[in-house]
Amino acid sequence: MLYSKMLLPTLKETPAEADLISHQLMLRAGMIRNLAAGIYCYLPLGYKVIRKVEHIIREEMNRAGAQEVLLPVLSPAELWQESKRWEVYGPELIRLKDRHQRDFCLGPTHEEVITDLVRRDVRSYRELPLNLYQIQTKFRDEIRPRFGLMRAREFIMKDGYSFDGSETEAEESYRRMYEAYHNIFKRCGLDFRAVEADTGPIGGSFSHEFMVLADMGEDRIVSCPGGDYAANIERAHAIHPQEKNKLPIDLRELEQVVTPDMKTVEEVSAFLGCTAGDLVKTLVVQVDNEVVFTLLRGDHEINLTKLRNLLGSEQLALADEETIVRVTEAPVGFAGPLGIKGYKIIADLATKEMSNFVTGANKQDRHYINVNWERDVIPAQYADIRVASAGDLCPHCRKPLEFSRGIEVGHIFKLGTKYSQALRATYLDEQGREQLIIMGCYGIGVGRTVAAAIEQNHDQYGIIWPKALAPFKVLLLPLDMADQEVMNLTSEYYDGLAQAGIECLLDDRDVRPGIKFKDADLIGIPLRVTIGARDLKLGTVELKIRKTGQTLKSSPEQAPTTIKQLLEQVD
Ligand code: ATP
Ligand code: MG
């Protein structure tokens, strides 16, 4: 490809609209342009990289026995009403009417459509298992579209669905997808972890998120340094080291103390001269139509996902001020478990071994000190309802967990019979009995994967493409456009590389070398070949590896062989 013929509008300045480095670099490298909030045009360079990711996905999905289909973007409301998601999905679902005033939506995901397809055409156990996938544009009216392709409103997703006749087969399908995902992200050159993710109240470990490790990632993850446990913080077990010899202890006398205007854990502990870990904080939670009191150690954070799974509830949130005042009969900041009647009290497991602790007194400017379990408070239940934190241990080997951040690029999930039940997708088993099909779903954000790759592979000058995603493998950079010898050699390389099937970009623009070098670093092609008149007089051309910055000289004749060798080496 000739640079001069390509729509490759690089930018010198960092666009003000972008905070995230990958977003900035995608704009600066002329890969994408914004059309409206969360909606992007892919320019030639950007689309080439998207196609690389898609190609890897296709190869690995096909290898794992999945078949590619293409489903409509537009889908009729009736299907979504059958699954009840027409109501449940909320404002993220983009809804519209056709000319006959019939309701439709733009697919944010395709469980309904694929289940409908399968229920109409699959009859017998002989037609199972089945695994279908597509790579297609999805629409989600995200509340906060941001970070470029990371969280867009219109984006390309690979979504796949498995259909099985038994639990064992469904688990086998899941395992195959788990492996396929490993292969895909490994081939993309990413540093990632497969982490256990929340499965909702169903439980089990059949939901994994594939996380690209990055400090800016929106998800928090924990992992065991020994490698035998990794989980999204929403799900991670919180197991803290048992402090030996802590009990038995003298139970001191319960006492109410004045804490003027001291509302936060920090204020109260500083005022009373204790640590946050000596406090038990009370968080009032609205659970569907009920109110629940939760108790946590002062320095711990509540995990609402765990609480929701524990209670099997739909809607769950920290109570608003009005509710707190009503149920505690005190201003916000003084809630406590003593004297609470008619509301369920759930204490986090980590509080169980505490004694002589501090709590709110359900009275303005008052706290209790020397509170103790059994004598003063009896919770309905102790349960793991907190976010794992530094010092917590791996549930398998008891080594301290490591905490990091990640970008969720893929998600695999065992759906069970949720959709086959709702849409009556059944098959006849060997005995001729009607059975529900067991399903799984498997997604990958294509654009988000590209953005995540840039987050992990860049420096102050620009992108450093992992070889598998690079839009071109080699950049030819002639310095003296008027020099016949330079241009002849450049064309010779260009033709030779094309014949060898190596994708090559030739910077044939008549611009200063400085501009060419800057753009070369910005767009991040793995190997740069600089051909200059001065070098040629000395009998050399220069090869530079973008990733390491390493340069080496080669004789003009030897260069094509060296290029191929170097390309083998870089990853
Ligand atoms: P998130 O928690 O980030 O909103 P999700 O749980 O809604 O993700 P899924 O429904 O599992 O995501 O979608 C499958 C994949 O699609 C995700 O793993 C992610 O890579 C990608 N994805 C989801 N939402 C977006 C978006 N708004 N923009 C770009 N990619 C997305
Ligand atoms: Mg989402």
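Going by the structure above, here's the rest.
Residues numbered from 1 in each chain as written. Chains lettered and ligands numbered in written order. Predicted model: local features only at pLDDT ≥ 70, side-chain atom pairs only at ≥ 80, totals over all residues. Heavy atoms only, no water.

Caption draft 1: Main features of the side chain of Ser173. Turning to its location among the elements, Ser173 is positioned in helix H6 (residues 167-187). Ser173 has contacts with Ser162, Asp164 and Tyr442, leaving out every residue within four places of it along the chain. (Helix = DSSP H or I, 4+ residues; strand = E, 2+ residues; numbered from the N terminus. Contact = heavy atoms within 4.5 Å.)

Caption draft 2: Structural context of the pattern of salt bridges. One pass over the full model with this rule turns up 42 salt bridges. Between Arg151 and Glu142 there is a salt bridge, with its nearest N and O atoms 3.1 Å apart. With its nearest N and O atoms 3.3 Å apart, the salt bridge here joins Asp535 to Lys553. Of the two residues, Asp535 is situated in helix H14 (residues 533-537) and Lys553 in strand S31 (residues 551-554); the sequence distance between them amounts to 18 residues. On the basis of relative accessibility, which here comes to 48%, the residue Lys553 falls in the partly exposed class. Three or more residues joined by partner-sharing salt bridges are found here, namely Arg51, Glu54, Arg58 and Glu68. (Salt bridge = Lys/Arg side-chain N within 4 Å of Asp/Glu carboxyl O. Buried < 20%, exposed > 50% of the residue type's maximum accessible area, 1.4 Å probe, protein only.)

Caption draft 3: Geometry of the packing of helix H2 (residues 44-63) against H6. Two numbers describe how H2 lies on H6: the axes approach to 9 Å, and their chain directions differ by 155°. One element, H2, and the other, H6, form an angle in the roughly antiparallel class. Remark: the crossing between H2 and H6 carries right-handed chirality. Residues Ile56, Ile57, Glu59, Glu60, Met61 and Arg63 of H2 form the contact with H6, whose participating residues are Met177, Ala180, Asn183, Ile184 and Arg187. Of the residues in the contact of H2 with H6, the class split is six nonpolar, one polar and four charged. (Axes fitted to C-alpha atoms, helices over the stretch in contact; angles between N-to-C directions. Parallel < 35°, antiparallel > 145°, perpendicular 65-115°, else oblique. Left-handed = near helix turned anticlockwise from the far one by under 90°. Nonpolar A, V, L, I, M, F, W, Y, C, P; charged D, E, K, R; others polar.)

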